[in-house]
There are 4 protein chains.
Amino acid sequence: MGQTRHGMAMVGGAAGSFIGPVHQLGAKLGAQVDLVAGVFSADRDRSLAAAVSYGVAAERCYPDTATMFAAEAARDDGIDILAIATPNHLHLPVAIEAITAGVHIISDKPATATLAEAEILREALAAGRSRYALTYTYSGYPMVREARARVAAGAIGTVRKIVVTYAQGWLARPLEASGNARAAWRTDPARSGPGGCSADIGVHAFHLAEYVTGLRVAAMLPDARPLVPGRTLDDDCNALLHLENGAGGVLISSQVAFGERNALSFQLYGDGGALHWTIDAPDRLRLVRGDGSVALLLPTSPDLLVRGRFAPTLGQGIIMPFAEIYRDFVDAIDGDGGRIDGVLPGIEAGLRGVRFFESIATGTGWIDLL
Amino acid sequence: MGQTRHGMAMVGGAAGSFIGPVHQLGAKLGAQVDLVAGVFSADRDRSLAAAVSYGVAAERCYPDTATMFAAEAARDDGIDILAIATPNHLHLPVAIEAITAGVHIISDKPATATLAEAEILREALAAGRSRYALTYTYSGYPMVREARARVAAGAIGTVRKIVVTYAQGWLARPLEASGNARAAWRTDPARSGPGGCSADIGVHAFHLAEYVTGLRVAAMLPDARPLVPGRTLDDDCNALLHLENGAGGVLISSQVAFGERNALSFQLYGDGGALHWTIDAPDRLRLVRGDGSVALLLPTSPDLLVRGRFAPTLGQGIIMPFAEIYRDFVDAIDGDGGRIDGVLPGIEAGLRGVRFFESIATGTGWIDLL
Amino acid sequence: MGQTRHGMAMVGGAAGSFIGPVHQLGAKLGAQVDLVAGVFSADRDRSLAAAVSYGVAAERCYPDTATMFAAEAARDDGIDILAIATPNHLHLPVAIEAITAGVHIISDKPATATLAEAEILREALAAGRSRYALTYTYSGYPMVREARARVAAGAIGTVRKIVVTYAQGWLARPLEASGNARAAWRTDPARSGPGGCSADIGVHAFHLAEYVTGLRVAAMLPDARPLVPGRTLDDDCNALLHLENGAGGVLISSQVAFGERNALSFQLYGDGGALHWTIDAPDRLRLVRGDGSVALLLPTSPDLLVRGRFAPTLGQGIIMPFAEIYRDFVDAIDGDGGRIDGVLPGIEAGLRGVRFFESIATGTGWIDLL
Amino acid sequence: MGQTRHGMAMVGGAAGSFIGPVHQLGAKLGAQVDLVAGVFSADRDRSLAAAVSYGVAAERCYPDTATMFAAEAARDDGIDILAIATPNHLHLPVAIEAITAGVHIISDKPATATLAEAEILREALAAGRSRYALTYTYSGYPMVREARARVAAGAIGTVRKIVVTYAQGWLARPLEASGNARAAWRTDPARSGPGGCSADIGVHAFHLAEYVTGLRVAAMLPDARPLVPGRTLDDDCNALLHLENGAGGVLISSQVAFGERNALSFQLYGDGGALHWTIDAPDRLRLVRGDGSVALLLPTSPDLLVRGRFAPTLGQGIIMPFAEIYRDFVDAIDGDGGRIDGVLPGIEAGLRGVRFFESIATGTGWIDLL
């Protein structure tokens with residue numbers, strides 16, 4: 001494996017995948033890591049087609065993960081990073097293989113499909129030497145990190161309330177009934193696990209609440225239901241929150257929010273200020289200070305606590321935050337791993353997320369999350 | 001009493017009142033109704049000072065409501081409308097006096113301080129001949145009415161979810177401890193009744209949810225608490241909602257939302273479209289149609305279902321919606337009252353509102369509201 | 001005439017007038033001045049109908065201005081303020097009559113239809129004792145005044161450039177051909193004078209540029225043309241500007257900006273900061289400071305230099321700025337007139353405006369305006 | 001040279017270059033074209049460092065362009081595309097070398113530093129077989145292309161007016177005096193040619209005006225000046241425009257717009273509608289239709305004329321439009337070149353741009369541009 005230069009494989013990410021190319025570009029832009037191998041699909045033809053599209057050599061497009069880890073370990077320039085971009089139920093077995101092979105893991109959320117699996121993964125990571133990071137995308141936005149740093153620095157005083165919203169509309173119609181592959185696995189308990197909207201995007205909102213406040217959700221009262229007839233998994237999930245310091249909160253997530261593409265935002269109120277962020281203007285953070293004055297924090301602001309490592313004009317989309325996350329991840333691999341489960345979400349953040357949606361599927365009333 | 005020309009008295013609205021001048025201007029602009037009499041404060045000097053500021057003749061500034069109703073009844077040009085702008089606990093007794101005097105009533109919300117009082121008021125109205133309207137301000141915004149009319153016309157299909165938010169920040173600090181009169185009565189159970197934020201602004205959000213959807217909230221799970229130390233009444237109130245057709249919802253209200261002045265908005269999703277409105281741009285309504293196209297409805301739009309009766313450039317603030325409400329109210333007085341509890345909130349809407357905040361104060365878990 | 005209580009007449013403002021009711025409400029709200037007399041139209045029936053709508057007694061609705069000034073002078077409670085809301089060509093003769101009668105004047109812009117007339121008016125004002133103010137509406141917005149005060153205080157250093165835009169779309173179609181009265185007189189040189197769009201709204205933009213910068217436009221290169229076939233007056237007017245300190249600028253105005261209702265904004269750049277304002281969010285001023293930090297100035301900001309005298313929630317439309325202007329005007333009447341042609345536009349600002357559009361109609365190339 | 005797989009070299013783009021990585025990522029994402037060779041800087045050490053950062057093999061990082069073209073021509077997998085990312089004065093000589101070598105050219109704007117050079121380039125292209133495209137970035141935004149297509153389809157009727165604005169603030173301070181390399185060459189006539197702001201970003205605005213309207217600017221009255229003391233090249237450039245169909249226009253560009261990072265927008269008015277776009281929300285186009293209704297066109301809109309080829313969530317920054325441009329360019333190389341100087345700017349667009357800023361530097365009064 002390389003010391004200064006890393007090679008990456010991907011599992012999942014064949015044609016139709018949204019996130020596969022994001023991994024490739026984010027790794028390249030953020031950390032000069034090239035995607036060089038993979039098992040892009042269980043369907044061999046689709047996998048080979050994806051390899052062509054990614055510019056991965058055919059001989060490094062493997063029929064299965066076992067073959068891949070063995071072949072790559074035998075190469076001088078073999079991979080040392082695995083990006084996991086599969087449906088949720090495969091996250092654990094693939095991660096375990098990577099740990100066994102000594103390969104570092106960067107995984108799409110959720111960490112695993114169930115809490116029991118997540119605990120197995122945590123133990124395996126503790127016993128192995130693979131670094132592990134979760135691509136909670138928004139945590140790569142410099143202004144989300146700025147918000148987190150400002151809260152930690154006391155800029156809004158004691159947190160009193162957070163409202164976090166994540167709304168999509170693409171499942172407002174029963175696409176799974178008309179052959180849409182993404183819709184099909186997301187609405188299928190066998191492949192998604194017990195959570196629908198809650199596990200797919202609610203978990204992002206939940207993590208965002210804990211990430212920016214630096215506080216855990218102590219208790220939650222969820223209302224997660226399928227609103228489109230015929231579904232068994234929730235496609236809409238709202239919850240009242242109590243944070244561990246007594247603060248309140250509201251979490252709103254939906255995949256039946258007709259007309260919304262990807263509307264993520266938070267409003268955070270303290271006893272000495274407030275912070276507002278929305279993905280519509282991701283490089284802007286609105287800070288209400290203790291005296292009532294309002295500052296717009298921008299990449300050009302002179303007093304940022306966190307500065308994005310890439311020119312903001314390069315993009316406001318998902319590639320830049322992935323690049324930030326990959327940069328942190330490779331820094332953690334090359335260094336001592338210190339930022340993991342700090343600024344960079346790791347297995348602890350992953351466990352919180354899985355607990356969030358599994359609790360929704362199984363709990364009633366106010367659910368204890370501590 | 002006048003037939004074509006009306007005269008109005010006000011109870012409450014002395015110096016420092018925000019809403020008093022709004023009543024005067026809204027009545028004048030909307031319905032050419034002049035404020036000609038009043039008991040503006042229990043403090044006689046403050047009341048007289050207010051009369052000067054309103055341009056009300058000193059002899060029609062009365063020491064108490066009993067004197068006022070008697071004196072005005074004796075005049076040829078006596079009042080036939082009473083605007084109630086007092087703290088909540090006085091709404092019922094003043095309204096009863098007006099009914100007895102045969103004077104029409106336009107009242108600030110909530111209708112009364114308690115549900116028992118509201119039921120008394122309903123009976124009294126049924127037995128008398130006074131028209132009664134509630135100034136749920138937002139219901140006077142033409143674009144809120146447009147949203148209501150579009151939903152009724154099926155523009156977004158079956159309602160699936162509503163998110164309604166009302167955030168203020170003026171009580172983020174314990175102003176009641178430093179002599180602020182408005183803060184003092186709003187945080188005092190003796191004068192506000194059992195609801196704090198829930199009764200002051202949460203009730204607006206609740207009514208808005210029912211008003212635009214045309215559906216009642218069937219059940220509600222609230223989380224209303226004082227977040228500022230030392231208070232007994234809630235200053236922050238959130239709730240999960242189930243509408244009577246099975247739709248879901250989230251209500252967010254707060255008076256400790258540091259930095260917010262008056263942030264009211266809703267997002268409404270159906271199975272065939274969506275509607276978005278915010279008071280930040282009150283004469284704009286965003287309509288997502290069934291085919292995914294998005295229209296911005298503006299006062300200049302060719303196909304509005306509801307058209308504001310006043311030039312939109314005149315103002316986007318609170319005076320215009322008051323003018324709309326006063327216009328409807330005077331139309332109801334001069335006509336058959338048909339719009340009351342239709343487009344114009346009346347006692348039925350008032351009862352729903354009081355039930356909302358009283359239920360919060362007394363109920364637990366999912367509370368039945370049907 | 002009253003000392004502490006003023007009475008106002010209006011010339012113009014009959015049915016269909018947009019600005020008439022704004023004068024009435026602005027005077028009432030801002031300065032407790034009642035509209036009590038008027039000649040609302042040359043058509044006697046229309047004038048009487050307007051009087052009813054304004055609540056003005058029929059006996060004080062006069063057949064002509066000469067009768068009005070005579071009759072009012074004879075009353076103990078006669079008017080001491082005249083609001084001029086007529087087409088432009090009547091501004092001068094009516095103002096002269098008011099000066100002769102010793103009545104104060106608050107006039108719609110432009111001051112007069114021609115520069116020669118404006119100079120006559122200036123002389124008449126100097127010789128008389130009437131106070132005179134122009135309702136350049138935007139100059140009543142507290143945040144525009146804040147911008148002016150910040151520039152004066154050096155908040156953005158030396159002014160380098162201003163871009164000011166005023167776009168309307170209501171004349172994008174030849175409404176004058178289909179009987180629209182407002183369109184008819186605005187597009188008619190006999191009633192509007194030599195300027196079309198330039199005199200109607202370009203002049204607002206021009207004054208705004210000088211008002212907020214505190215600098216005169218030294219030279220201007222205009223491009224004013226009718227873009228709708230059949231017109232002789234310009235309906236679109238753009239200009240390059242040089243300010244007297246060497247700064248540059250661009251003025252954009254149009255009445256054929258399809259879809260725009262009333263889009264007024266400025267961007268002002270100095271060598272140490274910038275200020276941005278738009279009428280879409282009129283109570284917000286964006287300040288870029290010398291260190292690159294960005295502040296949003298709001299009515300709740302702790303460090304405002306200028307504070308609006310009316311609750312911002314009352315309205316963001318045109319009534320509030322009129323109320324501010326009326327408040328200043330009545331203060332000037334009751335006091336020493338000090339704010340006139342300072343914060344409150346007077347005859348000097350009026351002359352600049354008339355010079356602006358008359359120069360456009362007559363000049364070529366870079367036109368000297370000093 | 002490859003048939004289905006292309007290899008690209010870059011000239012320029014060493015450390016500190018903003019645009020170099022954008023070329024690499026845009027080519028990769030848009031057309032699966034890999035950057036495999038280059039002369040990234042005249043400074044050999046900086047060039048080699050850049051090669052490492054791009055992942056280009058050291059042996060393909062050449063000391064000069066002559067060596068590069070010779071060596072690459074000798075390889076089986078040699079380059080067939082050259083990206084030009086140098087200062088302006090090198091655009092012509094490098095392009096001529098590429099044409100001689102039969103390599104296709106994708107160049108940063110302006111095409112050349114002077115109009116005489118641009119004409120030489122046009123002739124050389126006509127005589128050779130290299131395809132040529134200019135990366136006018138905004139022309140790669142799907143919604144800008146949508147605007148262009150809508151205008152062509154008559155959606156807003158006959159064009160009457162365009163306002164196009166491009167504002168940056170990074171040169172508001174004399175950075176060139178303190179060693180900033182980008183500022184140094186941009187403010188130096190020897191390296192930038194006769195245009196400063198006009199050639200750097202004004203030209204973008206100018207091309208945007210012609211691109212979306214499908215009309216040439218017939219005449220222009222510019223005002224381009226250095227506003228920061230000590231400069232000889234303009235850092236602020238505004239112009240009045242007349243389009244060839246008689247429409248009017250205003251072009252505003254500035255690099256001393258304190259606080260602006262990259263504010264590009266246009267408002268386009270026709271006699272039957274309007275179109276508005278701003279880079280702040282680049283995947284949104286506001287369409288005012290002939291009946292006054294307003295549509296927001298979004299990537300999810302059902303009736304788009306132009307559809308972006310990449311998931312909009314991937315990014316709203318500069319990488320996506322570069323990817324669109326690279327996709328078109330490679331399509332043109334692989335096909336018949338048909339989109340060049342249609343949707344994809346080519347040498348004709350380049351000539352217009354150079355003529356724009358050279359005319360500003362040399363002309364006076366209204367300048368003929370036909």
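Look a little higher up for the structure.
Anyway, here's the lowdown on the structure attached to this text. Because the structure is predicted, anything quoted here is derived from the model rather than measured.

Cut-offs used in this document
Residues numbered from 1 in each chain as written. Chains lettered and ligands numbered in written order. Predicted model: local features only at pLDDT ≥ 70, side-chain atom pairs only at ≥ 80, totals over all residues. Heavy atoms only, no water. Axes fitted to C-alpha atoms, helices over the stretch in contact; angles between N-to-C directions. Helix = DSSP H or I, 4+ residues; strand = E, 2+ residues; numbered from the N terminus. Parallel < 35°, antiparallel > 145°, perpendicular 65-115°, else oblique. Contact = heavy atoms within 4.5 Å. Nonpolar A, V, L, I, M, F, W, Y, C, P; charged D, E, K, R; others polar. Salt bridge = Lys/Arg side-chain N within 4 Å of Asp/Glu carboxyl O. Polar contact = N/O pair within 3.5 Å; in protein donor to acceptor, adjacent residues only side chain to side chain. Least-squares fit on C-alpha atoms with pLDDT ≥ 70 in both. Pairing = 2+ DSSP bridges. Buried area = accessible area lost by both parts, 1.4 Å probe. Expected span 1.5 Å × (residues − 1). Buried < 20%, exposed > 50% of the residue type's maximum accessible area, 1.4 Å probe, protein only.

1. As for the packing of helix α6 (residues 142–152) of chain C against helix α9 (residues 197–213) of chain C
The geometry of a pair of packed helices is captured by two quantities: the angle between their axes and the separation between those axes. Residues and elements named next belong to chain C. Where α6 contacts α9, the two axes come as close as 7 Å, and the packing angle between them is 45 degrees. Taken together, the axes of α6 and α9 are oblique relative to one another. Of α9, the residues touching α6 (which contributes Val 144, Arg 145, Ala 147, Arg 148 and Val 151) are Leu 208, Tyr 211, Val 212 and Thr 213. A breakdown of the residues in the contact of α6 with α9 according to their chemical character gives six nonpolar, one polar and two charged.

2. Details of the interface of chain A and chain B
Contacts between the two partners involve 41 residues from chain A, matched on the other side by 41 residues from chain B. The interface formed by chain A and chain B includes two salt bridges. Counting across the chain A and chain B interface gives 16 residue pairs in polar contact (both at pLDDT 80 or more). Listed by contribution, the elements that provide at least two residues to the side of chain A that touches chain B are β6 (159–167), β7 (217–225), β8 (236–243), β9 (248–254), β10 (263–270) and β11 (273–278) of chain A. The element contributing the most residues to the side of chain A that touches chain B is β8(A), with six residues. A breakdown of the residues in the side of chain A that touches chain B according to their chemical character gives 19 nonpolar, 13 polar and nine charged.

3. Some details on the side chain of His276(B)
With respect to the secondary-structure elements, His276(B) resides in strand β11 (residues 273–278). Beyond its immediate sequence surroundings of up to four residues, His276(B) is in contact with Glu260(A), Phe266(B), Gln267(B), Tyr269(B), Arg284(B), Leu285(B) and Arg286(B).

4. Some points on the relation of the copies chain A and chain C
When chain A is brought onto chain C, the operation consists of a screw motion whose angular component is 180 degrees and whose axial shift is 0.0 Å, with 0.0 Å RMSD remaining. In symmetry terms, the pair is related by a two-fold rotation axis. Taking C-alpha positions as the reference, the residue of chain A nearest the rotation axis is Ala295(A), at 2.2 Å. Comparing interface residues between copies, 100% of those in chain A also lie at the interface in chain C; the contact surface is shared.

5. Details of the sheet that holds strand β5 (residues 132–134) of chain C
Residue and element names in this part refer to chain C. Taking strand neighbours across the sheet as the criterion, the five strands line up as β2-β1-β3-β4-β5 in an open arrangement whose pairing is parallel. The strands lining the two open edges of the sheet, one partner per strand, are β2 (34–39) and β5. Strand-to-strand twist in this sheet, taken as the mean axis angle between neighbours without regard to direction, amounts to 25 degrees. Here three bridges tie strand β4 (residues 104–107) to β5, and the two strands are oriented parallel to one another. The residue bridging Ile 105 from the neighbouring strand is Tyr 132, located in β5.

6. Some words on the interface of chain A and chain C
Counting residues at the interface gives twelve residues for chain A and twelve residues for chain C. For the pairing of chain A and chain C, the buried interface totals around 880 Å² over both sides, and the portion due to carbon and sulfur atoms is 55%. Considering only the surface of chain A that becomes buried against chain C, Val294(A), Leu296(A) and Pro302(A) emerge as the three largest contributors, covering 48% of it. At the junction of chain A with chain C, the criterion picks out zero salt bridges. One can count two residue pairs in polar contact (both at pLDDT 80 or more) joining chain A with chain C.

7. What about helix α1 (residues 19–31) of chain A?
Residue and element names in this part refer to chain A. Look at α1: 17 Å from first C-alpha to last across 13 residues, which is about the 18 Å you get at 1.5 Å a residue. α1 sits mainly inside the fold: twelve of its 13 residues count as buried. When α1 is considered as a whole, its buried residues turn out to be Ile 19, Gly 20, Val 22, His 23, Gln 24, Leu 25, Gly 26, Ala 27, Lys 28, Leu 29, Gly 30 and Ala 31. Following α1 by one or two positions, Gln 32 has its phi on the positive side, about 55 degrees.

8. Examining the environment of Ala73(B)
Relative to the helices and strands, Ala73(B) is located in helix α3 (residues 65–73). Separated by 273 residues in sequence, Ala73(B) and Gly346(B) place their C-alpha atoms 25 Å apart.

9. Side note on the pattern of salt bridges
Once their charged atoms are close, side chains differing in charge can pair, the charge on each being opposite to the other. Under the criterion given, the structure shown has 92 salt bridges over all chains. Ionic pairing is found between Lys28(B) and Asp34(B), a salt bridge with its closest N-O pair at 3.1 Å. Within this structure, Arg145(A), Arg309(A), Glu324(A), Arg327(A), Asp328(A), Asp331(A) and Arg339(A) form a network of salt bridges that share partners.

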